[in-house]
Amino acid sequence: MNLDQFPIICPVRPNGSMLDYFVLGYWMPWDKIQLFIREVKLSRSCILSTLPRARENADYRRLAFRLQGKKVNAKAHRVAYELFIGPLEGYIVMHTCDVQACVYPQHLVRGTPVENVVDRNTKGRTHGHISKEKWAEIDRRLTAGEQQSLIADTLNISRSVVCNRLKKLENR
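Residues numbered from 1 in each chain as written. Predicted model: local features only at pLDDT ≥ 70, side-chain atom pairs only at ≥ 80, totals over all residues. Heavy atoms only, no water.

Would you take a moment to explain the overall build of the protein for this structure?
Counting its regular elements, the protein contains six helices and nine strands. When its C-alpha atoms are laid out on the principal axes, the protein stretches across 60 × 30 × 30 Å. When burial is assessed residue by residue, the protein has 39% of its 172 residues classed as buried. A separation threshold of at least 6 residues defines the contact pool for the protein, and within that pool the share at least 24 residues apart is 44%. Total accessible area computed for the protein in this model is approximately 10000 Å², and 50% of it derives from carbon and sulfur atoms. Here the protein contributes 27 positive and 17 negative side-chain charges, whose respective centroids are spaced 4 Å apart. (Helix = DSSP H or I, 4+ residues; strand = E, 2+ residues; numbered from the N terminus. Buried < 20%, exposed > 50% of the residue type's maximum accessible area, 1.4 Å probe, protein only. Contact = heavy atoms within 4.5 Å. Areas by Shrake-Rupley, 256 points an atom, 1.4 Å probe, with all protein chains shown as cover. Lys, Arg positive; Asp, Glu negative; His and termini not counted. Charge placed at Lys NZ, Arg CZ, Asp CG, Glu CD.)

Where do I start with the sheet that holds strand β2 (residues 18–23) in this structure?
The strands making up a sheet are joined through hydrogen bonds of the backbone, oriented either antiparallel or parallel. The strand order β1-β2-β3 describes an open sheet built from three strands, whose pairing is antiparallel. The sheet terminates laterally at β1 (12–15) and β3 (26–29), the two strands that pair on one side only. Averaged over neighbouring strand pairs, the angle between their axes works out to 35° when direction is ignored. Sheet analysis places β1 next to β2, joined by four bridges and oriented antiparallel. The residue bridging V12 from the neighbouring strand is Y21, located in β2. Across the sheet, helix α1 (residues 30–38) lies against β2 and β3, angled at about 70° from β2, the strand it touches most. (Pairing = 2+ DSSP bridges. Axes fitted to C-alpha atoms, helices over the stretch in contact; angles between N-to-C directions.)

Is there a simple way to explain the pattern of salt bridges in this structure?
As a working rule, side chains carrying opposite charge can pair if their charged atoms are close by. Here the structure, examined in full by the defined rule, presents five salt bridges. Where E89 meets R110, a salt bridge forms, and the shortest distance between an N and an O atom there is 3.3 Å. Placement of E89 in the loop between α2 (76–84) and β8 (92–95) and of R110 in strand β9 (residues 108–111) is noted, with a sequence separation of 21 residues between them. Residue E89 is classed as exposed on the basis of its relative accessible area, which comes to 59%. The shortest N-O distance in the salt bridge between R141 and E137 comes to 3.0 Å. With R141 and E137 both in helix α4 (residues 132–143), this residue pair falls four residues apart, about one helical turn. The class for R141 is buried, based on a relative accessible area of 9%. Taken together, the shared-partner salt bridges in this structure form one network comprising E137, R141 and E146. (Salt bridge = Lys/Arg side-chain N within 4 Å of Asp/Glu carboxyl O.)

Quick question: what am I supposed to make of the side chain of H77 here?
Structurally, the position occupied by H77 is in helix α2. Using a relative accessible area of 5% as the deciding quantity, one classes H77 as buried. Here H77 is in contact with Y60, V93, H95, C102, V103 and L108, once residues within four sequence places are set aside.

I'm lost on the packing of aromatic side chains in this one. Help?
To describe a pair of aromatic rings, one takes the distance between the centres and the angle between the planes. Overall, the coordinates contain four aromatic pairs when judged by the stated rule. Measuring from ring centre to ring centre gives 6.0 Å for F6 and F84, while their planes differ by 55°; the resulting arrangement is tilted. Pair noted here: F6 is in the segment before β1 and F84 is in helix α2, with a separation of 78 residues, a long-range link. Of the two residues, F6 and F84, both sit in the buried class. (Phe/Tyr/Trp six-rings, centres within 6.5 Å; stacked < 30°, edge-to-face > 60°.)

Nothing here speaks to function; it is geometry throughout.
Here it is in C-alpha cells:
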C-alpha cells in the first residue's frame, strides 16, 4: 500500500513538458508532488509522511518549497486531501486514525474546527491526542521495559511522545 495507487483528482495544467497541480491555492510543480508521494512509510494501518515536522511539538508533516520566489509551507495531510480526495474549500482536515503524520486518503475527512473539537473530546484526547488512560498504559509499558518503538506503533502515537514520556518518568 502506498500513495501511487490513488488517482490524483486535483486540477492540472501544462507547464512546458511537465504538469502543475492545483493544491491549497498553489500550482505545485510535478517534482514537488513526486517528492510528497515518495516521502512516506507504512505503519500497521497508516501511510505516514516522512517529510519534516511542521512544528517542533507536533507530528504534523510539511511540504516546503519556493514558488515564484515565495516560500510555501503546506501541511502534508492537507496536500494529500486535495490531491486524492478533493478541494477543502475553507474546511480543515481531520484524521480518523488520530495519527498526525498520516496521509492515507482513507483516514482523512473534511471538517470544521468545531467538529474537530467534538471529535477530540469524544475520543478523550485531553493532552494533545493522548487520553489519560493511554498515558497510564504508556507509563506501565515503559516501566515494564517494553521497547519504545513497539509502544508507539501499537498505540498509534509518535516515538518522540514515548521517548519524552520515558525522560519524564526517569526524572521523577
